[in-house]
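What follows is the residue order along each chain.
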Amino acid sequence: MNFENNISLKPFNTFGVDVIAEQFVSIHDEEMLEKIISKNGTQPLFIIGGGSNMLLTKDVNCLVVHINLKGISVVFEDNDFVQVKSAAGENWHDFVLWCLDRNYGGIENLALIPGSVGAAPIQNIGAYGVELKDVFVSCDAINKYSGEKKRFDRNNCDFGYRQSIFKGIEKGKWIITSVTFELSKTNHRLKTTYGAIQEHLDDMNIKEPSIRDIAQVVIGIRSTKLPDPKVLGNSGSFFKNPVVEKFKKDSLCIENADMPFFELTPETYKIPAAWLIEQSGFKGKRYGDCGVHNKQALVIVNYGNATGKEIFELASTIQNEVESKFGIRLEMEVNIL
Ligand code: EPU
C-alpha cells in the first residue's frame, strides 16, 4: 500500500481548495480497505470519493482514504429491467454514459453531475425531476471503525431531498463500496417536464426523444449554467432550496410578485435559493478569490486560490443577508469539514 505524507488535497476536491492531508492512501480493492480499517482501529479516518460535495476548511490531521474502487457489472436482468452494480470509485458521469451506451434508462437526467458513484446516495443526488432514490436498489458499505459489512436497501436509507441516512443518524460511520441500480431496458419512463428540457426538445424538433436525447439536452443545459469544476472550482449547488409554509410564501409574494415558487403540498412550498441569493445582490459578485457564479446564483466558485475559510465566510454572509431580507435561513447543502 502506498501511503503518502503531507500531500495537498487540491486535486481531490472539486472546489480546488488547497489543504494538507497528514497521511493519504488511495485504495483500489476492498481487501486493502479492510486491512486499513482493522489497523486503524478507532482513530479518525477521513474518506474522500469524488470530493464534489465538500468544503475543506482546514488541514486534515489523520489518514485520508481515497476510494478508488472500480468496476461496473450487470447483476440481474430480464426482458424489461436490468440491475447494474457499480463500484463506489467510478466517476458518476462515466457511469451514466456506460448505461446510455447500453440503452439502460433512468439516470439520463442525472448526466454531468460531478462526483463518484459512491457519493451519490449520501446526498441523494438529483436534477431535472429525477433523484437517485428513483433507481436505487441497495448499496454495500463497510463500517469505518469496526469493519462490519452491511447492505442498505432503499427502505433503510431514509432518502429525502438532498438527504439520506448517511447524512443523518449514520453520518460519518460508513464507507459505501458499491451501489446497485435498477434501470429500464424497454419502455423508458422519460422525465421531460422539468425546467427547460421539453423546450429544448421542441427547439430541436425531437418528438420522440431517446434517453440519449434527454442526456444531451441535460448536458447542454448544465454546461451553460453550471461551471465545470475542472475550469472553475465549485461544488454545485452550495445551498438547498428552502421549503416554507404557505403563509410565509404568501406574505413574501405580496412584496415580491415575481418570486418563483413550487408547490410541494398545499401547505408547503419550495422557493429557489438561487432567486433569494440573486435578489440579495450576490449573483456574479467576486470577493477576493471566491464569488457567486454569474449564471447560477446557487453556486459559489473558487477563482484559484480561495481558502475553505474564505468560501465558508462568503456562504455565511449570504445566509445572513438572505435571512435579513427575506426571513429565510438557507441551509448549506455542501458538507463543511
Ligand atoms: N434562479 C434565479 N437566479 C439564478 C438561477 C436560478 O433566480 O441565478 C431561479 C429561477 O427562477 C429558476 C429557479 O431559480 O427558475 C430554479 O433554477 P434551476 O432550474 O437552475 O434550479 P435550482 O433550483 O437552482 C436545482 C438543484 C440543482 C439541479 C437543478 C436542476 C438544488 C439545491 N439544486 O437547482 O442541483 O441541477 O435544480 O434540477 O436542489 C446540485 O445539487 O449541485 C445541483 C446543481
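Cut-off values and rules
- Residues numbered from 1 in each chain as written.
- Predicted model: local features only at pLDDT ≥ 70, side-chain atom pairs only at ≥ 80, totals over all residues.
- Heavy atoms only, no water.
- Pairing = 2+ DSSP bridges.
- Helix = DSSP H or I, 4+ residues; strand = E, 2+ residues; numbered from the N terminus.
- Axes fitted to C-alpha atoms, helices over the stretch in contact; angles between N-to-C directions.
- Buried < 20%, exposed > 50% of the residue type's maximum accessible area, 1.4 Å probe, protein only.
- Contact = heavy atoms within 4.5 Å.
- Core = buried A, V, L, I, M, F, W, Y, C linked by side-chain atoms within 4.5 Å.

Caption draft 1: Representation of the sheet that holds strand E12 (residues 174-184) within the structure. If you walk across this open sheet you meet the five strands as E6-E7-E12-E10-E11, and the pairing is antiparallel. The sheet terminates laterally at strand E6 (72-77) and strand E11 (149-153), the two strands that pair on one side only. Along the sheet, successive strands turn relative to each other by an average axial angle of 20°, direction set aside. Relative to E12, strand E10 (residues 136-143) runs antiparallel, the two being bridged by seven bridges. In the strand pairing of E12, Asn 143 is matched with Trp 174.

Caption draft 2: Representation of the environment of Leu 314 in the model. Structurally, Leu 314 is set in helix H7 (residues 308-326). Judged by its relative accessible area of 5%, Leu 314 falls in the buried class. Between the alpha carbons of Leu 314 and Phe 282 there is a distance of 9.9 Å; along the sequence they are 32 residues apart. Look past the residues within four positions of Leu 314 in its chain and what remains in contact with it is Tyr 287, Cys 290, Gly 291, Val 292 and Ile 300.

Caption draft 3: Broad picture of the nonpolar core. Trp 92, Phe 95, Ile 107, Leu 132, Phe 166, Phe 181 and Leu 183 are the most contacted members of the largest nonpolar core, which has 44 residues in total. Where this core is concerned, the elements lending two or more residues are strand E7 (81-87), helix H2 (92-101), E10, E12, helix H3 (197-203) and helix H4 (211-225). With seven residues, H4 is the single largest residue contributor to this core. If we ignore the near neighbours within four places in the chain, the residues touching Phe 166 are Pro 121, Ile 122, Cys 139, Phe 152, Cys 157, Lys 171, Gly 172, Trp 174 and Ile 176. Counting 43 residues, the second-largest nonpolar core is a separate cluster that includes Leu 9, Val 244, Ala 273 and Leu 276.

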